[in-house]
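So you can see what is in the structure, the chains are spelled out below.
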Amino acid sequence: MSATGVAAAACAGGAAWLLVGRDRGLRRARAVLAAGDEVPPGATAWRRAVTCVRGRMRHEWWALAGGAAVALLGESLVPLILGAVGVPLIRRVRRARDARLLGERRAAGVIALCGTLAGEVRAGRQPGEALRAAADGGLGLGDAGAGAGGVAGLGEGRAGVLAAARFGGDVPGAIEEAAREPGAQGLLGLAACWRVAVDRGAGLAAGLERLEGALRAERDQRAELRAQLAGARSTAVMLAGLPVLGLLMGSALGASPLRVLLHTGAGLGCLAVGGALEGAGVWWALRIVRGVEER
């Protein structure tokens, strides 16, 4: 692709972007200034289709779509194969991210549960009654997204804890069982406070308040550390995208890098070695960041 072709494509893309933005601005102005005007049916159907595709198509499948696009441009099956290989890898990363987010929601639910229990006990309720009230509200023990504030839950832990609190069972044991879920480790402290309060008559509310403060401080420290490491993670991702920038610059200069990489022996060798080094570098950088977060 010559520099003229690249410039023409850039101009066409800019014009299309401006037209789309202008069309959106006109539709927004009509909706505000002229009540009753509706968006054209074709545009509405198009937006519905785009939204449906985004909702059904997971992030990992964009790797296959990108590989297919590069395969068409480079007239080779190699990018399509690489895109297909990248689908399970990206799916694994997405699932790990979803599990981490669910664990964070569970940890927030445990903090909310401790604060609610402390308030209910100080208000004069018995511990079992206060626990049932908090669980019925979904705080920390319900399904994901349930309860006040939509805090995440602890799976089947809610049913066991409720049964133990209602029928005089082993409440600390049920809470410890619920603490096995990822992100719910703070419930171990709740179980310990419960045992001390029942066995020795110590103040449950004071222990829960101290536990809530400790869990909240740990969460804030973890969030601060993650914010400090965001720069290192962004730098690793930016460096990983530099080869793509190099390919675009080579295409703009008319060097045809895709044809060299995909249709010559030396190009395929460089692609294999470069891809391996690229993957190893990204993995090592992210491993260092994750190691710091875990410590």
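About the thresholds
- Residues numbered from 1 in each chain as written.
- Predicted model: local features only at pLDDT ≥ 70, side-chain atom pairs only at ≥ 80, totals over all residues.
- Heavy atoms only, no water.
- Helix = DSSP H or I, 4+ residues; strand = E, 2+ residues; numbered from the N terminus.
- Buried < 20%, exposed > 50% of the residue type's maximum accessible area, 1.4 Å probe, protein only.
- Contact = heavy atoms within 4.5 Å.
- Polar contact = N/O pair within 3.5 Å; in protein donor to acceptor, adjacent residues only side chain to side chain.
- Core = buried A, V, L, I, M, F, W, Y, C linked by side-chain atoms within 4.5 Å.
- pLDDT = per-residue confidence, 0-100.
- Salt bridge = Lys/Arg side-chain N within 4 Å of Asp/Glu carboxyl O.
- Phe/Tyr/Trp six-rings, centres within 6.5 Å; stacked < 30°, edge-to-face > 60°.
- Patch = residues over 30% accessible without salt bridge, like charges linked within 9 Å, V, L, I, M, F, W, Y side chains within 5 Å.
- Areas by Shrake-Rupley, 256 points an atom, 1.4 Å probe, with all protein chains shown as cover.
- Axes fitted to C-alpha atoms, helices over the stretch in contact; angles between N-to-C directions.
- Parallel < 35°, antiparallel > 145°, perpendicular 65-115°, else oblique.
- Expected span 1.5 Å × (residues − 1).
- Bend = angle between axes of the 7 residues up to and from the residue.
- Arc of directions from axis to C-beta.

1. Quick word on the overall build of the protein
Counting secondary structure elements, the protein contains 12 helices and zero strands. Starting at the N terminus, the α and β elements of the protein follow one another as α-α-α-α-α-α-α-α-α-α-α-α. Evaluated residue by residue, the protein yields a buried proportion of 24% over its 295 residues. The long-range fraction of contacts in the protein, counting pairs at least 24 apart against all pairs at least 6 apart in sequence, stands at 53%.

2. Describing the side chain of Arg 106
The topology assignment puts Arg 106 in helix H4 (residues 78–122). A polar atom in the side chain of Arg 106 sits 3.5 Å from the side chain of Glu 181.

3. Description of the nonpolar core
Counting residues in hydrophobic clusters, the biggest one holds 30 residues, and the most contacted among them are Leu 117, Leu 131, Leu 187 and Leu 190. Every element with two or more residues in this core is listed here: H4, helix H5 (127–136), helix H6 (157–167), helix H7 (171–178), helix H8 (187–200) and helix H9 (204–240). Tallying contributions element by element places H4 first for this core, with seven residues. What Leu 117 contacts, discounting residues up to four positions off in sequence, is Ala 130, Leu 131, Ala 134, Leu 190 and Leu 208.

4. Considerations on the confidence of the model for the protein
Per-residue confidence for the protein averages 74 on the pLDDT scale, and 71% of its residues sit at or above 70. Per-element confidence in the protein ranges from a low mean pLDDT of 42 for helix H1 (residues 3–33) to a high of 87 for H9. Note on residues 1–40: pLDDT under 50 across the span, and 18 contacts to partners over four residues away in sequence or across chains.

5. A look at the pattern of salt bridges
Inspection of the entire model under this criterion finds 14 salt bridges. The shortest N-O distance in the salt bridge between Asp 98 and Arg 94 comes to 3.5 Å. Of this pair, Asp 98 and Arg 94 both sit in helix H4, four residues apart, roughly one helical turn. What makes Asp 98 partly exposed here is its relative accessible area of 30%.

6. Focus: the side chain of Ser 76
Secondary-structure assignment places Ser 76 in the loop between helix H3 (61–74) and H4. Since its relative accessible area comes to 12%, Ser 76 is described here as buried. Reaching out from Ser 76, the side chain makes a polar contact with the backbone nitrogen of Val 78 at a distance of 3.2 Å.

7. Regarding the packing of aromatic side chains
Aromatic ring pairs are described here by two measures, namely the spacing of the ring centres and the angle between the planes. The full count for this structure, using the stated rule, is one aromatic pair. Between Trp 283 and Trp 284 the ring centres are 6.1 Å apart and the planes differ by 50°, which places this aromatic pair in the tilted class. For Trp 284, a relative accessible area of 46% corresponds to the partly exposed category.

8. Quick notes on a nonpolar patch on the surface
There is a patch of nonpolar side chains on the surface, built from Leu 77, Leu 80, Ile 81, Val 85, Leu 89 and Ile 90 and spanning about 540 Å² of accessible area. Among the secondary structure elements, Ile 90 is positioned in helix H4.

9. A few points about the packing of H3 against H4
Here H3 crosses H4 at 170°, and the two axes come no closer than 7 Å. In terms of axis orientation, H3 runs roughly antiparallel to H4. Packed against H3, whose contacting residues are Trp 61, Ala 63, Leu 64, Gly 67, Ala 68, Val 70 and Ala 71, the element H4 presents Pro 79, Leu 80, Gly 83, Ala 84, Val 87, Ile 90 and Arg 91 at the interface.

10. Brief notes about H9
Here H9 is 37 residues long and its end C-alpha atoms lie 52 Å apart, about the 54 Å a rise of 1.5 Å per residue gives. At Leu 229, H9 is bent by approximately 35°, the largest bend along its length. Every buried residue of H9 is accounted for by Leu 204, Ala 205, Gly 207, Leu 208, Leu 211, Glu 212, Leu 215, Leu 229 and Ala 236.

11. Description of H3
When the terminal C-alpha atoms of H3 are compared, their 20 Å separation across 14 residues agrees well with the 20 Å that a helix rising 1.5 Å per residue should span. When H3 is considered as a whole, its buried residues turn out to be Gly 67, Ala 71 and Gly 74. For H3, the angular spread of the buried residues around the axis is 75°, confining them to a single face. Looking at H3, the residues exposed on the side facing more than 90 degrees away from the buried face are Leu 72 and Leu 73. Buried residues in H3 make contact with H4 and helix H11 (257–263). Backbone geometry just after H3 places Glu 75 at a positive phi near 55°.

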